[in-house]
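# Chain and residue survey
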Amino acid sequence: MSAATIAIVQARMTSSRLPGKVLLPLAGAPLIQRMLERVVRINGLDGVCLAVPTGTEHDEIIDAAAVLPEVRIFRGDEHDVLSRTFHAARENDANIVMRVTSDCPLIDPDVSSAVLAAFKASTVDYARTAFTHGYPHGFDTEVFKVTALATAYKNATDLDEREHVTPYIWRRPETFSSLEIDHQPDYRHWRITVDTQEDYALVERIY
């Protein structure tokens, strides 16, 4: 496989606030399936990889994703998500990585496509939907060069930077050039990601 643009989706069964949330039903299918159905519609990707921890407790995630045979599977470290993402990128010969998380079953393919297009049209190392304003929580999309990911993997030591993948990058603007994709009007106060039972109840109603 030649160098590629790969979306890497992190998923696990052991979420501290809502364990097993990726398998909760949404309109007759597991949450992870509904989320991946949206990710495969993002323009500009060469592939989608579901990065799941090793361990039998996570096997059900892979079973749920099997209805989407175009989604590749990678197994890696549960707690060092930076390592899991880096090795998933390497296994898929990625030179550009899009990172979206499995607790965003309303991820918008058009928004994610726009972030990727803006990244590819620039020379930056890292692009994302804006942190504090713009799109709702739940549309969050990050795109970065695999070289930036490799530097983070090699050098990050903080627990937070190993667990959340990109803080090492966006905390160092002097090292990694970046851009944020904003949106007006500002909908950042909308919360349509799934971290709690209340979040799930809202997303279930939307579906």
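Definitions and limits used
- Residues numbered from 1 in each chain as written.
- Predicted model: local features only at pLDDT ≥ 70, side-chain atom pairs only at ≥ 80, totals over all residues.
- Heavy atoms only, no water.
- Helix = DSSP H or I, 4+ residues; strand = E, 2+ residues; numbered from the N terminus.
- Buried < 20%, exposed > 50% of the residue type's maximum accessible area, 1.4 Å probe, protein only.
- Contact = heavy atoms within 4.5 Å.
- Areas by Shrake-Rupley, 256 points an atom, 1.4 Å probe, with all protein chains shown as cover.
- Lys, Arg positive; Asp, Glu negative; His and termini not counted.
- Charge placed at Lys NZ, Arg CZ, Asp CG, Glu CD.
- Polar contact = N/O pair within 3.5 Å; in protein donor to acceptor, adjacent residues only side chain to side chain.
- 1 Å grid on protein atoms, 1.4 Å probe; cavity = no way out; pocket = protein on both sides within 12 Å on 5 of 7 lines; lining within 4 Å.
- Points joined across faces, edges and corners; volume = space filled by probe spheres on them.
- Nonpolar A, V, L, I, M, F, W, Y, C, P; charged D, E, K, R; others polar.
- Pairing = 2+ DSSP bridges.
- Axes fitted to C-alpha atoms, helices over the stretch in contact; angles between N-to-C directions.

### Considering the overall build of the protein
From N to C terminus, the protein includes 8 helices and 9 strands. Reported as C-alpha extents along the three principal axes, the dimensions of the protein are approximately 45 × 40 × 30 Å. Taking all 207 residues of the protein together, 53% fall into the buried category. Relative to all contacts within the protein whose residues are 6 or more apart in sequence, the contacts with residues 24 or more apart total 70%. When the accessible area of the protein is evaluated, it comes to approximately 9,300 Å², of which 51% is carbon and sulfur surface. Distance between charge centres in the protein, computed from 21 positive and 30 negative side chains, equals 2 Å.

### Some thoughts on helix H3 (residues 81-91)
Counting buried positions along H3 gives 8 out of 11 residues, so the element sits mostly inside the fold. Those residues of H3 not exposed but buried are Val81, Leu82, Ser83, Arg84, Thr85, Phe86, Ala88 and Ala89. In this structure, the buried residues of H3 make contact with strand S1 (4-10), strand S4 (47-53), strand S5 (71-76), strand S6 (94-101), helix H5 (146-155) and helix H6 (159-163). Looking at the residues trailing H3, positive phi occurs at Asp93, about 55°.

### Some points on the side chain of His58
In this structure, His58 sits in the loop between S4 and helix H2 (59-65). Polar side-chain contacts of His58 include one of 3.1 Å to the backbone nitrogen of Met13. Ignoring anything within four residues of it in the chain, the contact list for His58 reads Arg12, Met13, Thr14, Val52, Pro53, Arg75 and Glu78.

### Describing unusual backbone geometry
Note the cis peptide between Gln184 and Pro185, where omega equals 0°. With respect to the secondary-structure elements, Pro185 resides in the loop between strand S9 (178-181) and helix H8 (197-206). The phi torsion at Ala27 lies on the positive side, around 50°, for a residue other than glycine. On the accessibility criterion, Ala27 (53% relative accessible area) is exposed. Of note in this structure, Asp93 is not a glycine but carries a positive phi near 55°. Tracing the sequence through the fold places Asp93 in the loop between H3 and S6. By relative accessible area, Asp93 is classed as partly exposed at 34%.

### Some details on the layout of surface pockets
Unoccupied space between atoms shows up once a probe the size of one water molecule is rolled over them. Approximately 1,000 Å³ is the volume found for the largest pocket. Considering the residues around the largest pocket, the lining is formed by 39 residues, among which Gln10, Arg99, Thr101, Asp103 and His164 are closest to the centre. Every element with two or more residues in the lining of the largest pocket is listed here: H3, S6, H6 and helix H7 (167-170). Examining the composition of the lining of the largest pocket, we find that 4 residues originate from one element, H6, more than from any other. Considered class by class, the residues forming the lining of the largest pocket number 9 nonpolar, 12 polar and 18 charged.

### Side note on the sheet that holds S1
Here we have 7 strands laid out as an open sheet, ordered S5-S4-S1-S6-S8-S7-S9, and mixed in their pairing. Sheet topology places S5 and S9 at the edges, where each strand pairs with a single neighbour. On average, adjacent strands in this sheet sit at an angle of 20° to one another, irrespective of strand direction. Each of S1, S4, S5 and S6 is contacted by helix H1 (residues 31-39), which is oriented at about 160° to S1, the strand it contacts most.

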